[in-house]
Amino acid sequence: MKAVTGNGNGVALALHDVEKTYVMGTEKVHALRGVSLQVRKNEYVAIMGPSGSGKSTLMNVIGCLDVPTKGNYTLEGQAVADMTQSELAEIRNLRIGFVFQTFNLIPRADVFHNVELPLIYGGVRSRERRERAESAIARVGLSDRMKHKPNELSGGQRQRVAIARAIVLNPSIILADEPTGNLDSRTGDEIMAIFDELHAAGHTIIVVTHEDYIADYASRSIRLKDGLVESDEAKGRKAMAGGLMS
Amino acid sequence: MRGLRLALDLQESVRIAFGALRANKARGALTTLGIIIGIVAVITTMTAANGLRNTFRESFSSVGADVLYISRMPWVIQDDFFLYRNRPPIDYKEARELEKHLRGSAVANPTMNGRQDTKYRSERMDGVTIIGTTEKQLLVSNAQPAVGRFILPFEVNYKHKVCVIGNDVRKGLFGEVDPLNKEMKIGRTTFRVIGVMEEQGGGSFFGGPNFDRQIYIPITAFVGAFGGLHGRQDVNIAVKAPSEAAMGDLEYKLIGEMRKLRGLRPTEKEDFSINRLDTLVGAFNNVMGVVLLVGLLITSISLFVGGVGVMNIMFVSITERTREIGIRKAIGAKPHSIMLQFLFEAAVICLLGGVIGIVISAGVTVAINASLMPANLSLSILFIALVVAVSVGLLAGLVPAWRGARLNPIEALRYE
């Protein structure tokens, strides 16, 4: 098991006075009104807030799916603001692993191919691709489901596939948007246990959620309200990162 | 590294394209049908044109490409016919004179021709082309006798009434009978058959000459039997160039000699024409080119309609897979990878249509060949058809693929 970052120190990402404005028809929607925050490497952060608070927009900006209208965003020392779509795609490919509420797997592709996909877009050769995809699938415990299509899997299994896909290129940041939102609480706990393991292995983890018990897994929780940071506090962990993998 | 990425992108595109086709069989088949129809229409037009061209070439294969023909009229009249109608015919004496002047530098063979009814016992064949010629016929044309022999010099000199018949004439008059040394009637004169020419094939090309429906006789006998020394003679002189490269020089020489023979002053225009196979081929190709162009223009409309169908389906395909595009973008697909993916899909649909179209066209070509007219499917036509099919796919896929590539990943991910 490779650890991603050496010592867990240093800044993974930094937002400085980030604003994001959407134009919806004739109306301007200020989704973010000046958010500044820093996430250190190997931190476990929960972003919380009611719907409409701007947490999805913040996640999109952090995930380089979108660029801020105003303000600076640096990811591992690189300014993102002026990047082209291609450059953003490359950053998403190599540095960020996404886990979505609705899993977002490709329905026609089997488990192996879904996990292999980021490697294909990353230009990894076939043999290495197979090794890395298989090891990522093994890490989430689905080695026996390699050839199954997403619709042959349970919700929890699908989310495991999504996690395997997110970690297959060993990105420093794993970005999860309501990862347990479509799962029952027992399965949700299993998924969160995997995040704990990934955190222990050195990944920076950012979870967007509106559920307090999920936020309790994180060591820091940031609350948003109306596009601004309302509170930002470190706290005790509900479950310490004990589930180290062998 | 770039090459590897492109290869991987392509590999993924192949997988997606065939996956999509497999998932939407009926839709794919209907879309492909449009392309198939277009390709079949285009190929059939080309095979027909190709067949005509081949038949044309075949039917004139016995006419040497390195032979110049001096005649009263040009073979192809592109301007006003009345400019030529008052020209004096070339008579036999002039032809003999020219032959003398050319001796040593080029072979010249004078011929005269006409149509006569022929008869052997009770079998008749009307309107057969009778060619008065000399032994040099064999030097200027590619046709050789298959049975018996050709006319000999002394038979020309002494006006022997012998003839060498074409293969169709043999079939028509003699059937199973061996024609050698049989006496037959040409017009009212009796000739003895001394040979049969080998079959030229090609048949009559749309009113052109049928080289198998001819009879060769000595030119002197022709003059005696049909021409009348002081009647209207119209001699053609075939002159064979030593090589094809020397044809230009030979043409100048012939013009010079003919002008001298006819005593033309420098200001006077020529009152004869130097013809060559090229002019005929050129004229034919011009006509053929226009026909082909018009045909392709019309048939490519159906191909265009097929292309529009593909474009339509690609738009549908992209809308359907908006979410998938979002996912792919989120995990690192660059815009050009998405673009390539959809372009490839469109190209595959069209290539499939192209291949099926070719198979159907092969059948259609055989059917046309058997019933309507000559048609010929060549390798280059196949190649062109495939290139055209793929190009149609790429063109039809361009705008949809571009739209897919430019999708905003967030909106695409949110799409239901």
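Residues numbered from 1 in each chain as written. Chains lettered and ligands numbered in written order. Predicted model: local features only at pLDDT ≥ 70, side-chain atom pairs only at ≥ 80, totals over all residues.

Participant: So what exactly am I meant to see when it comes to the overall build of chain B here?
Facilitator: The secondary structure content of chain B amounts to 13 helices and ten strands. For 416 residues, the compact-globule formula gives about 22 Å, and the C-alpha radius of gyration of chain B, at 32 Å, lies well above that figure. A total of 416 residues make up chain B; the buried ones form 41% of that total. Long-range pairs, those at least 24 residues apart, make up 83% of the contacts in chain B with a sequence separation of at least 6. (Helix = DSSP H or I, 4+ residues; strand = E, 2+ residues; numbered from the N terminus. Rg over C-alpha atoms; globule rule 2.2 N^0.38 Å. Buried ≥ 20, exposed ≤ 12 C-beta atoms within 10 Å, placed from the backbone. Contact = placed C-beta atoms within 7 Å.)

Participant: It is not clear to me how the overall build of chain A should be interpreted in this structure. Could you clarify?
Facilitator: Along the backbone of chain A there are seven helices and ten strands. In summary, chain A has a C-alpha radius of gyration of 17 Å against a globular reference of 18 Å for 246 residues, a match within 12%. Taking the principal axes of the C-alpha coordinates as reference, chain A spans close to 50 × 40 × 40 Å. Relative to all contacts within chain A whose residues are 6 or more apart in sequence, the contacts with residues 24 or more apart total 70%.

Participant: Even after reading the chapter, I still don't get the sheet that holds strand β10 (residues 228-234) of chain A, so can you show me in this structure?
Facilitator: Two orientations exist for strands paired in a sheet by backbone hydrogen bonds: parallel and antiparallel. Residues and elements named next belong to chain A. Taking strand neighbours across the sheet as the criterion, the six strands line up as β6-β7-β8-β3-β9-β10 in an open arrangement whose pairing is mixed. Here the strands that pair on one side only, and so sit at the sheet edges, are β6 (96-99) and β10. Here the strands of the sheet are splayed against their neighbours by 15° on average, with no regard to which way each runs. Relative to strand β7 (residues 173-177), β6 runs parallel, the two sharing four bridges. Within β7, the position partnered with G97 by the bridge is I174. Of the strands in this sheet, β6 and β7 are in contact with helix α5 (residues 155-167), which crosses β6 at around 170°. (Pairing = 2+ DSSP bridges. Axes fitted to C-alpha atoms, helices over the stretch in contact; angles between N-to-C directions.)

Participant: I'm lost on the confidence of the model for chain B in this one. Help?
Facilitator: If pLDDT is low for a region, its predicted coordinates should not be looked at in detail. Here chain B averages 86 in pLDDT, and 96% of its residues register 70 or above. Of the two predicted TM-score estimates for the complex, the pTM is 0.71 and the ipTM is 0.89. (pLDDT = per-residue confidence, 0-100.)

Participant: Explanation requested: the interface of chain B and chain A in the structure shown.
Facilitator: Reports often express the size of an interface as the amount of accessible area lost when the parts come together. On the chain A side, the residues contacting the 20 residues of chain B number 21 residues. Top element by residues in the side of chain B that touches chain A is helix α1 (residues 2-23) of chain B. It accounts for six residues.

Participant: Before we go on, may I ask you to explain helix α3 (residues 111-121) of chain A in this structure?
Facilitator: An α-helical segment advances 3.6 residues per turn. Residues three or four places apart therefore align on the same side. Residues and elements named next belong to chain A. Here α3 lies mainly inside the structure; ten of its eleven residues are buried. Of the positions making up α3, those classed as buried are V111, F112, N114, V115, E116, L117, P118, L119, I120 and Y121. A positive phi of about 75° marks G123, the residue just after α3.

Participant: Would you mind showing me how to read the sheet that holds strand β4 (residues 70-75) of chain A here?
Facilitator: Residues and elements named next belong to chain A. With antiparallel pairing, the four strands of this open sheet are ordered in space as β2-β1-β4-β5. Each end of this open sheet is capped by a strand with a single partner; those strands are β2 (27-40) and β5 (78-79). Across five bridges, the pairing between strand β1 (residues 11-24) and β4 is antiparallel. Opposite H16, over in β4, you have N72 as the bridge partner.

Participant: What is the right way to look at the domain arrangement of chain B in this model?
Facilitator: Along its sequence, chain B is organised into domain 1 (2-59 + 283-414) and domain 2 (88-240). Distance from the C-alpha centre of domain 1 of chain B to the C-alpha centre of domain 2 of chain B: 55 Å. (Domains from an automatic or database assignment.)

Participant: What is the right way to look at the environment of B:D9 in this model?
Facilitator: All names here are of chain B. As for its position among the elements, D9 is in helix α1. Along the backbone, D9 and G404 are 395 residues apart, and their C-alpha atoms lie at a distance of 15 Å. Here D9 is in contact with S337 and L340, once residues within four sequence places are set aside.

Participant: When you look at helix α6 (residues 185-200) of chain A in this model, what are you seeing that I'm missing?
Facilitator: All names here are of chain A. Helix length check: α6, at 16 residues, gives a terminal C-alpha distance of 22 Å against a target of 22 Å (1.5 Å per residue), a fit within 8%. For α6, the full list of buried residues reads G188, I191, M192, I194, F195, D196, L198 and H199. Of the surrounding elements, those touching the buried residues of α6 are β3 (44-48), α5, β7, β8 (204-208) and α7 (212-215). (Expected span 1.5 Å × (residues − 1).)

Participant: It is not clear to me how the nonpolar core should be interpreted in this structure. Could you clarify?
Facilitator: One recurring pattern in soluble globular proteins is that nonpolar side chains are buried together. A:I47, A:A164, B:I70 and B:C163 are the most contacted members of the largest nonpolar core, which totals 174 residues. Each of domain 1 (2-59 + 283-414) and domain 2 (88-240) of chain B accounts for three or more of the residues forming this core. (Core = buried A, V, L, I, M, F, W, Y, C linked by C-beta atoms within 7 Å.)

Participant: I tried to follow unusual backbone geometry on my own but got confused; where do I start?
Facilitator: For residues other than glycine, phi is negative in most cases, and the peptide bonds are mostly trans. One non-glycine residue, A:N104, lies in the positive phi region at around 50°. Its location among the elements puts A:N104 in the loop between β6 and α3. On the basis of neighbour count, A:N104 is assigned to the buried category, with 22 C-beta atoms found within 10 Å. Located in the positive-phi region is B:K159, a residue other than glycine, with phi close to 55°. Mapped onto the fold, B:K159 is located in the loop between α5 (153-157) and β5 (162-165).

Participant: For this particular structure, what's the right way to read the packing of α5(A) against α6(A)?
Facilitator: Each pair of packed helices can be summarised by the angle the axes make with each other and by the distance between the axes. Residues and elements named next belong to chain A. Between α5 and α6, the shortest axis-to-axis distance is 9 Å and the interhelical angle comes to 15°. In this view, α5 runs roughly parallel relative to α6, as classed from their interaxial angle. Where α5 crosses over α6, the handedness of that crossing is right-handed. Together, G155, G156, Q159, I163 and I167 of α5 and T187, E190, I191, I194 and L198 of α6 make up the contact between the two elements. Here the contact of α5 with α6 is composed, by residue class, of five nonpolar, four polar and one charged. (Parallel < 35°, antiparallel > 145°, perpendicular 65-115°, else oblique. Left-handed = near helix turned anticlockwise from the far one by under 90°. Nonpolar A, V, L, I, M, F, W, Y, C, P; charged D, E, K, R; others polar.)

Participant: Honestly, the pairing of β10(A) in this entry has me stumped. Any pointers?
Facilitator: Put simply, side chains in a regular strand alternate between the two faces of the sheet. Residue and element names in this part refer to chain A. Sheet topology places strand β9 (residues 220-225) next to β10; six bridges connect them, and they run antiparallel. By the bridge assignment for β10, K225 is matched with L228. Connecting the antiparallel pair β9 and β10 is a turn made up of two residues, with D226 showing a positive phi of about 50°.

Participant: How should I be thinking about the confidence of the model for chain A in this particular structure?
Facilitator: All names here are of chain A. For chain A, the average pLDDT comes to 86, and 92% of its residues sit at 70 or higher. Of the regions scoring below 50 in pLDDT, residues 1-8 engages in 16 contacts with residues more than four places distant in sequence or in other chains. Contacts for the low-pLDDT stretch residues 238-246, under 50 throughout, to residues beyond four places or in other chains number 15 contacts.

Participant: When you look at the environment of B:E411 in this model, what are you seeing that I'm missing?
Facilitator: Residues and elements named next belong to chain B. Along the chain, E411 turns up in helix α13 (residues 409-414). Judged by the 11 C-beta atoms lying within 10 Å of it, E411 falls in the exposed class. Distance from E411 to L173, taken between C-alpha atoms, is 86 Å for residues 238 residues apart in sequence.

Participant: What exactly am I supposed to notice about the pairing of strand β9 (residues 236-240) of chain B here?
Facilitator: Residue and element names in this part refer to chain B. Burial analysis of β9 places four of its five residues in the buried class, which makes it a mostly covered element. Sheet topology note: the strand β1 (residues 67-71)/β9 ladder contains four bridges and is antiparallel. Each residue of the ladder has a partner; that of V67, found in β9, is K240. The pairing of strand β2 (residues 107-120) with β9 spans five bridges and is antiparallel. Bridge pairing in β9 places T111 opposite N236.

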